[in-house]
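Spelled out from the first residue to the last, the chains are:
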Amino acid sequence: MKVVYEKSPALTDAPLTYCPGCGHGIIHKLIAETITELGITENTIGVAPVGCAVLIYKFLDVDMVQAAHGRAPAVATGIIRSLPDSVVFTYQGDGDLAAIGTAEIVHAAARGENIVVIFANNAIYGMTSGQMAPTTLPGQVTSTTPTGRNVKTAGYPIRVCEMLSTLDGVHYAERVSTHDVPHILKAKAAVKKAFQSQIAGKGFSIVEVLVTCPTNWRMSPVESMGWLEENLIPHYPLGVYKNSEGES
């Protein structure tokens, strides 16, 4: 019998424990495949903070470090400066990276730290019951905005790729999505590009991945995919926001 698919050896055998339809598992698969294809499994160190993102250590078979909430870029900075021949990446959610960790991500990017940041944006706090996040859309209902996000009192959503792409220290910044197979393949290419840039010592790279959170969006997995495409993408346009090599 012909083998048409094999699980990446960079993934553990632990069953995924995310909610049905959650996008984290898709990103884990893309990271694992990239690490395997580049032959860097033994040299890779991941950093994940508090939130659903921290569970990646159960599923990715590489060295992992847990950081305090929002502090993954600071911890990754210490690792890459101590072990400059390592491949270092952070894995962060929007509530972590764009709220309590804003200072860390901005200054790591401004310094041009030679790390990869994989940023999962589902526009909500996932693990802590679905509160409004910095990326929550105007009018979006969450557990702390039951009538929808009011920009007059809560401000506007933060567009991370657009913001970081203005910094000279950023080598590569791209936003991708996981709502269908063609976009997942594009997301894989972006993740691989970021890791290749880190290996080549080109500096700070970030891949923002739009993902679903069916549980806290109060939707079925199928409905959440449609909601992502119809609502998140118009507010967070996909594409390359910075590439110092001038490629697309």
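A brief structural summary.

### Some remarks on the sheet that holds strand 4 (residues 116-121)
The seven strands are arranged 2-1-3-4-6-5-7 in an open sheet whose pairing can be described as mixed. Among the strands making up the open sheet, the edge pair consists of strand 2 (63-66) and strand 7 (239-243). Between one strand and the next, the sheet's axes are offset by a mean angle of 15 degrees, whatever the strand orientation. Two elements, strand 5 (residues 170-177) and strand 6 (residues 204-210), share seven bridges in a ladder whose sense is parallel. Looking at the pairing, Val 170 lines up with Phe 204 of strand 6. Contacts from helix 1 (residues 24-38) reach strand 1 (44-48), strand 3 (87-93), strand 4 and strand 6 within the one sheet, and its direction differs from that of strand 3 by about 175 degrees. Seen against the sheet, helix 3 (residues 72-82) touches strand 1, strand 2 and strand 3 and runs at an angle of roughly 175 degrees to strand 3.

### A look at the pattern of salt bridges
A full pass over the atoms with the stated rule returns twelve salt bridges. Where Arg 81 meets Glu 113, a salt bridge forms, and the shortest distance between an N and an O atom there is 2.5 Å. Pair noted here: Arg 81 is in helix 3 and Glu 113 is in the loop between helix 5 (102-111) and strand 4, with a separation of 32 residues, a long-range link. Classification of Arg 81 as exposed rests on a relative accessible area of 56%.

### Description of the nonpolar core
Judged by nonpolar contacts, the single largest core of 30 residues is most densely connected at Ile 31, Leu 60, Tyr 91, Ile 118 and Val 207. Elements supplying a minimum of two residues to this core: helix 1, strand 3, strand 4, strand 5, helix 8 (181-199) and strand 6. In terms of residues, this core owes the most to one element, helix 8, which gives six residues. The contact partners of Ile 31, leaving out residues within four places of it in the chain, are Ile 56, Leu 60, Phe 89, Tyr 91, Ile 118, Val 191 and Phe 195. Grouped together as the second largest cluster of nonpolar side chains are 23 residues, Ile 45, Ala 76, Val 117 and Cys 161 included.

### Looking at the layout of surface pockets
Considered as a void within the structure, the largest pocket measures approximately 430 Å³ in volume. At the level of secondary structure, the elements contributing two or more residues to the lining of the largest pocket comprise helix 4 (94-100) and helix 9 (214-217). In this model, the second largest pocket occupies a volume close to 160 Å³. If you go around the second largest pocket, the residues you meet are Ile 124, Ser 129, Gly 130, Gln 140, Val 141, Thr 142, Ser 143, Asn 216, Trp 217, Arg 218, Met 219 and Trp 227. For the lining of the second largest pocket, the class distribution of residues is five nonpolar, six polar and one charged.

### Topic: the packing of aromatic side chains
Tallied over the entire structure, the rule returns three aromatic pairs. Each ring, one from Tyr 18 and one from Phe 59, has its centre 5.5 Å from the other, and the planes form 50 degrees; the classification is tilted. Linking Tyr 18 in the segment before helix 1 with Phe 59 in helix 2 (residues 56-59), this pair joins segments that are 41 residues apart in sequence. A relative accessible area of 13% means that Tyr 18 is categorised as buried. With relative accessibility at 2%, the residue Phe 59 sits in the buried group.

### Details of the side chain of Thr 135
Tracing the backbone shows Thr 135 in the loop between strand 4 and helix 6 (151-154). A distance of 2.7 Å separates a polar atom in the side chain of Thr 135 from a polar atom in the side chain of Asp 94. In this structure the side chain of Thr 135 is engaged in a polar contact, spanning 3.2 Å, whose partner is the side chain of Asn 121. Sequence-distant contacts of Thr 135, that is, excluding residues within four places in its chain, are made with Asp 94, Phe 119, Asn 121, Ala 123, Ile 124, Arg 149, Pro 157, Ile 158 and Tyr 236.

### A word on the environment of Thr 144
As for its position among the elements, Thr 144 is in the loop between strand 4 and helix 6. By relative accessible area, Thr 144 is classed as partly exposed at 47%. If sequence neighbours within four positions are ignored, Thr 144 has contacts with Gln 131 and Met 132.

### With respect to the packing of helix 1 against helix 8
Where helix 1 meets helix 8, the axes come as close as 9 Å, and the angle between the chain directions of the two elements is 45 degrees. One way to sum up the angle between helix 1 and helix 8 is to call them oblique. You can see that helix 1 and helix 8 cross each other, and the crossing is right-handed. Listed contacts from helix 8 to Ile 26, Leu 30, Ile 31, Glu 33, Thr 34, Glu 37 and Leu 38 of helix 1 are Ile 184, Ala 187, Lys 188, Val 191, Lys 192, Phe 195, Gln 196 and Ile 199.

Definitions and cut-offs
Along each chain, residues carry numbers from 1 onward, in the same order as the chain's sequence is written. Local features in a predicted model are, by the rule used here, given only for residues with pLDDT of at least 70; side-chain atom pairs are given and counted only at 80 or more, and totals for whole chains, interfaces and linings are based on all residues. As a rule here, side-chain values come from all non-hydrogen atoms in the structure, and water together with hydrogens is ignored. Should DSSP find at least two bridges between two strands, the strands are taken to pair. Where helices and strands are cited, they refer to DSSP runs of H or I of at least four residues and of E of at least two residues respectively, numbered from the N terminus. Axis definition: a line fit to C-alpha positions, over the contact stretch in the case of helices; interaxial angles, taken between N-to-C directions, run 0 to 180 degrees. Residue contacts are counted whenever heavy atoms from the two residues lie within 4.5 Å of one another. Here, a salt bridge means any side-chain nitrogen of Lys or Arg that lies within 4 Å of a carboxyl oxygen of Asp or Glu. Think of it in three bands: with a 1.4 Å probe and only protein chains considered, a residue is buried below 20% of the maximum accessible area for its type, exposed above 50%, and partly exposed in between. Joining through side-chain atoms within 4.5 Å is the link that ties buried Ala, Val, Leu, Ile, Met, Phe, Trp, Tyr and Cys residues into a set, and such a set is a nonpolar core. Only protein atoms enter the calculation, which uses a 1 Å grid: trapped sets of points that fit a 1.4 Å probe without letting it out are cavities, open sets showing protein on both sides within 12 Å along at least five of seven lines are pockets, and any residue with an atom within 4 Å of a point is a lining residue. Grid points are joined across faces, edges and corners, and a volume is the space filled by probe spheres set on the points. When residues are sorted by character, Ala, Val, Leu, Ile, Met, Phe, Trp, Tyr, Cys and Pro go into the nonpolar class, Asp, Glu, Lys and Arg into the charged class, and all the rest, Gly among them, into the polar class. Stacked, tilted and edge-to-face are the three classes applied to pairs of Phe, Tyr and Trp rings, where Trp contributes its six-membered ring and a pair requires centres within 6.5 Å; stacked means planes under 30 degrees apart, edge-to-face means over 60, and tilted covers the rest. Pairing of N or O atoms within 3.5 Å defines a polar contact, subject to two protein rules: one partner must be a possible hydrogen donor and the other a possible acceptor, and residues neighboring in sequence count only if both atoms are side-chain atoms. Should an angle fall under 35 degrees it is taken as roughly parallel, and over 145 as roughly antiparallel, whereas 65 to 115 is taken as roughly perpendicular and any remaining angle as oblique. For any pair of crossing helices, the crossing counts as left-handed if the nearer helix is rotated counterclockwise from the farther one by less than a right angle, and right-handed if it is rotated clockwise.

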